[in-house]
Amino acid sequence: MGCDGGTIPKRHELVKGPKKVEKVDKNAELYAKWKCCALTQEKLKRPIITCELGRLYNKDAVIEYLLDKTAERPHTDVVSHIRGMKDIQELNFTDNPEWEGEGRISKGDRYEDMHCAMFICPVVGLEMSGKHRFCYLQKCGCVFSDRALREVKSEICHKCGEQFKAEDIVVLNGTKEDVEKLKQRMEAKRAQAKKTKKSKKSKVAETVVGVSELKEKTTSGPDSQGTCSTQEGSESTAPLPAPVPAPEVAGPSVSSGSSIAKGAKAAAASISKRSYQEMGEKSEVFKSLFTTHTSAKRTKDQTSNWVTHTPYHF
């Protein structure tokens, strides 16, 4: 059976051996990581953002995902850790002067590097094509090569001058080990943020309760001593004047300070309620301010004995 027409089968056609492991093209893998969005697999275009794990995204794609998380999209597991706009950072790249863009016209009269990168390191000049390790700073979003950060050690950004720490450096498109370390750092950071938020809420609640208690004490204090009544219930109650407490020498507490202030206000109000007429009855100096006082009237010696009169008849 078979072998008609002089066909000669080969060994690999007759004997089934172990299957070869398919290898992914490295150039294609690097192109997908460094020139395409991790969510939509479209070409990267500005504005370009990244997450706390160092993946690259188009900003429009991530905003659409955050607005509608129920829509069916491929590769949604890549952005499952992004909760909002606070978890992303816009990157500040340095353009590659040799990059001519996607719309360039090739005439075939010169060599063209198909793996030329869009961005470079501003310190060393290495291309961000995936062959070299790149990082970004969480404080400002500037992107540098790992070689530049190792050789030129500084706590100030080489591009914008922002201060940063070693914890603010995040590797872009790192290995599996790098991603695991970044995940642990992200989880620890979020747990610490939750603790600080809870502590702030508890402090605010304590201050509110303390203020309310002070208000109750200050309002209940003068009310208990504000009125007095006679033994017989028929007579009406009359308000007593608030006593002015003596100032304390050493540092008074909050309640004593509030009572002193209230006593001073009550005394000032009682003084202001006195009429100027009562004050004038007791003081002759106050009476002399008005023209009705005897000192303001003219005596007989001061008045003239003649009166000017212009008759209108001749």
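Basis of the calculations
Residue positions are given per chain, counted from 1 along the sequence in the order it is written. Per-residue local features are limited, in this predicted model, to residues with pLDDT of at least 70; the limit for side-chain atom pairs, both in listing and counting, is 80 or more; totals at the level of whole chains, interfaces and linings are taken over all residues. Heavy atoms from the whole structure form the basis of all side-chain values; hydrogens and water molecules are not counted. Each residue is assigned to one of three classes by its accessible area relative to the maximum for its type, calculated with a 1.4 Å probe on protein chains only: buried under 20%, partly exposed between the two thresholds, exposed over 50%. Put simply, DSSP marks the helices as runs of H or I at least four residues long and the strands as runs of E at least two long, and each gets a number from the N terminus on. Between any two strands, pairing holds if DSSP finds at least two bridges. Here a residue-residue contact requires only that any non-hydrogen atoms of the pair lie within 4.5 Å. Lines fitted to the C-alpha atoms define the axes, with helices restricted to the stretch that makes contact. Angles between their N-to-C directions range from 0 to 180 degrees. Residues enter a patch when their relative accessible area is above 30% and they make no salt bridge; the linking distance is 9 Å between like charges and 5 Å between nonpolar side chains (Val, Leu, Ile, Met, Phe, Trp, Tyr). Residue-level accessible areas treat just the shown protein chains as cover; the underlying method is Shrake-Rupley with a 1.4 Å probe. The salt bridge criterion pairs a side-chain nitrogen of Lys or Arg with a carboxyl oxygen of Asp or Glu, the two atoms within 4 Å. When two cysteine sulfur atoms are found within 2.5 Å, that pair is recorded as a disulfide. Two rings belonging to Phe, Tyr or Trp (six-membered ring only in the last case) form a pair when the distance between their centres is within 6.5 Å. Interplanar angles under 30 degrees mark stacking, angles over 60 mark edge-to-face geometry, and anything in between is tilted. Definition of a polar contact: a pair of N or O atoms within 3.5 Å, with one able to donate and the other able to accept a hydrogen when the atoms are protein atoms, and with sequence-neighbouring residues admitted only if both atoms are side-chain atoms. Positive charge is attributed to Lys and Arg, negative charge to Asp and Glu, and no charge count is given to His or to the chain ends. For charged residues, the charge sits on one atom: NZ in Lys, CZ in Arg, CG in Asp, CD in Glu.

**Quick word on the pairing of strand β6 (residues 134–137)**
Point 1. Burial along β6 is two-sided: F134 and Y136 and C135 and L137, pointing in opposite directions, are all buried.
Point 2. Here β6 pairs with strand β7 (residues 143–145) via three bridges, running antiparallel. The partner of F134 across the bridge, within β7, is S145.
Point 3. In sequence, β6 turns back onto β7 through a hairpin of five residues, with G141 there showing a positive phi of about 90°.
Point 4. Examined bridge by bridge, β6 and strand β8 (residues 169–171) share three bridges and lie antiparallel to one another. Bridged to L137 within β8 is I169.

**Notes on the sheet that holds strand β1 (residues 48–50)**
Point 1. Spatially, the three strands line up as an open sheet ordered β2-β1-β3, and their pairing is antiparallel. A single partner strand is all that each edge strand has here, and the edge strands are β2 (56–58) and β3 (89–90).
Point 2. Pairing of β1 with β3, which is carried by two bridges, proceeds in the antiparallel orientation. What sits directly across from I49, in β3, is E90.
Point 3. Sheet strands in contact with helix α3 (residues 59–67) are β1, β2 and β3, and its direction is about 80° off that of β2.

**Concerning a nonpolar patch on the surface**
Point 1. The grouping of V123, V124 and V152 at the surface amounts to a nonpolar patch, some 190 Å² of accessible area in total.
Point 2. Within the secondary structure layout, V124 lies in the loop between β5 (119–120) and β6.
Point 3. With relative accessibility at 34%, the residue V124 sits in the partly exposed group.

**Comments concerning the state of the cysteines**
Point 1. Evaluated as defined, the whole model comprises zero disulfides.
Point 2. The thiol of C36 is unpaired, and the distance to the nearest cysteine sulfur, on C37, comes to 8.6 Å.
Point 3. A disulfide-free cysteine, C142 has its sulfur positioned 3.6 Å from the sulfur of C140, the nearest such atom.

**Section: the packing of aromatic side chains**
Point 1. Taken as a whole and assessed by the stated rule, the structure comprises one aromatic pair.
Point 2. Pairing F93 with F119 gives two aromatic rings, centres 4.2 Å apart and planes at 15°, and the pair type is stacked. Here F119 lies in strand β5 and F93 lies in the loop between β3 and β4 (94–95), a separation of 26 residues in the sequence.
Point 3. You can call F93 buried: its relative accessible area is 8%.
Point 4. Assessed through its relative accessible area of 7%, F119 is described here as buried.

**Looking at the side chain of N58**
Point 1. With respect to the helices and strands, the residue N58 is situated in strand β2.
Point 2. The exposure class of N58 is buried, given its relative accessible area of 4%.
Point 3. A distance of 3.2 Å separates a polar side-chain atom of N58 from the backbone oxygen of K43.
Point 4. Within the local environment of N58, its side chain forms a polar contact with the backbone nitrogen of K45, the two atoms lying 3.0 Å apart.
Point 5. In this view, N58 contacts C37, E42, K43, L44, K45, P47 and I49; residues no more than four positions away in its chain are not counted.

**Re the side chain of T50**
Point 1. With respect to the helices, strands and loops of the structure, T50 is situated in strand β1.
Point 2. Using a relative accessible area of 0% as the deciding quantity, one classes T50 as buried.
Point 3. A polar contact of 2.7 Å, which involves the side chain of T50, links it to the backbone oxygen of R55.
Point 4. Other than its neighbours up to four places away in sequence, T50 contacts R55, Y57, D87, I88, Q89, L91, Y136 and L172.

**Some details on a positive patch on the surface**
Point 1. Side chains of K86, K194, K197, K198 and K201 sit close together on the surface and give a patch of like positive charge.
Point 2. Along the chain, the position of K197 falls in helix α5 (residues 176–224).

**Structural notes on the pattern of salt bridges**
Point 1. Tallied over the entire structure, the rule returns eight salt bridges.
Point 2. Between D95 and R46 there is a salt bridge whose closest N-O contact spans 2.6 Å. Highlighted residues: D95 in strand β4 and R46 in the loop between α2 (26–34) and β1, separated in sequence by 49 residues.
Point 3. Among the residues examined, D95 registers a relative accessible area of 45% and is labelled partly exposed.
Point 4. Residue D146 pairs with R150 through a salt bridge whose shortest N-O separation is 3.4 Å. Residue D146 and its partner R150 are both found in helix α4 (residues 146–151); the two are separated by four residues, about one turn of the helix.
Point 5. Classification of D146 by relative accessible area gives buried; the value is 18%.

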